[in-house]
Amino acid sequence: MNVLECNGIVKCYKKYVPVLNGLSLSIPAGRIIGLLGPNGCGKSTFIKLVAGLLQPDSGEMSVCGNPVGEKSKALISYLPERPYFGGGMRVKEIIHYFTDFYGDFDKQRAYKLLADLQINPESKLKTLSKGTKEKVQLVLVMSRNARLYLLDEPIAGVDPAAREYILGTIVSNYNPEASIIITTHLITDVEQVLDDYIFLGFGGQVLMAGNAEDTRNQSGKSLDALFKEVFRC
């Protein structure tokens, strides 16, 4: 059974302009997939639909055979684009919140990752830099034993020195029966950890997709170079 199945997904916003227009794809277990495309092509919309934060206008989606809903949400660990906790909360309070709320949350893993990133659990979020807040959220997401991880721009605000560690954290801290979908503009940094990729065009059309290593070997080009060719203005 695939971790994610999407068939004919349509989502429209203002003036009935489709952001996603008949998107269909399948995500098997045990893969790290880069969902790559220009601004406005529907990457974040797609992630929110899978997470159950938005509803498609038509089409079907399922996670491990469960239609998007209460059961599917319990299988998903989602990292949004922006921080969503109140600035007055301490990091340890958020850890306690996740421990109480998610049955699959590994508190010991979370504290180890915080220590590795030199983040003080006593710190209030409002005292942390934007990049450190994003690290905290990533720690929370990757400390769950989920079946599908949805990471929307996980390293966008992180300094280059920390990116390698964070990408290593993503690779080494997820259930091997799970899959990870990453959206990012920093393809050069991320492609080293990707098993597969999807180039998403405007209207949510899949322009290219496949195994990352096979594509590099066959084309003699990096995913970043291919991306620039496909989406050249």
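Above: the structure in question.
The following paragraphs examine the structure supplied in this document. It should be emphasised that the depicted structure is a prediction, and the values quoted were computed from it without experimental measurement.

Core analysis: the largest hydrophobic core is formed by 46 residues, its most contacted members being M142, Y149, L151, I170 and I180. Examining the composition of this core, we find that 6 residues originate from one element, helix α5 (residues 130-142), more than from any other. Core analysis: the next-biggest nonpolar cluster, separate from the first, contains 26 residues, L20, I27, C41 and L150 among them.

Here we take up the sheet that holds strand β2 (residues 18-27). Taken in spatial order, the 4 strands line up as β2-β1-β4-β5 in an open sheet, and their pairing is antiparallel. Of all the strands in the sheet, just β2 and β5 (66-67) have a single pairing partner and so form its edges.

Here we come to the side chain of S44. Counting through the fold element by element, S44 comes out in helix α1 (residues 43-51). Within polar-contact distance, the side chain of S44 engages the side chain of D152 at 2.8 Å. The residues touching S44, leaving out its near neighbours within four places in the chain, are E81 and D152.

Relative to the helices and strands, M1 resides in the segment before β1 (4-12). For M1 and V63, which are 62 residues apart along the polypeptide, the C-alpha to C-alpha distance reads 9.5 Å. Dropping the residues within four chain positions of it, M1 is found in contact with C64 and G65.

Rules and cut-offs
Residues numbered from 1 in each chain as written. Predicted model: local features only at pLDDT ≥ 70, side-chain atom pairs only at ≥ 80, totals over all residues. Heavy atoms only, no water. Core = buried A, V, L, I, M, F, W, Y, C linked by side-chain atoms within 4.5 Å. Buried < 20%, exposed > 50% of the residue type's maximum accessible area, 1.4 Å probe, protein only. Helix = DSSP H or I, 4+ residues; strand = E, 2+ residues; numbered from the N terminus. Pairing = 2+ DSSP bridges. Polar contact = N/O pair within 3.5 Å; in protein donor to acceptor, adjacent residues only side chain to side chain. Contact = heavy atoms within 4.5 Å.

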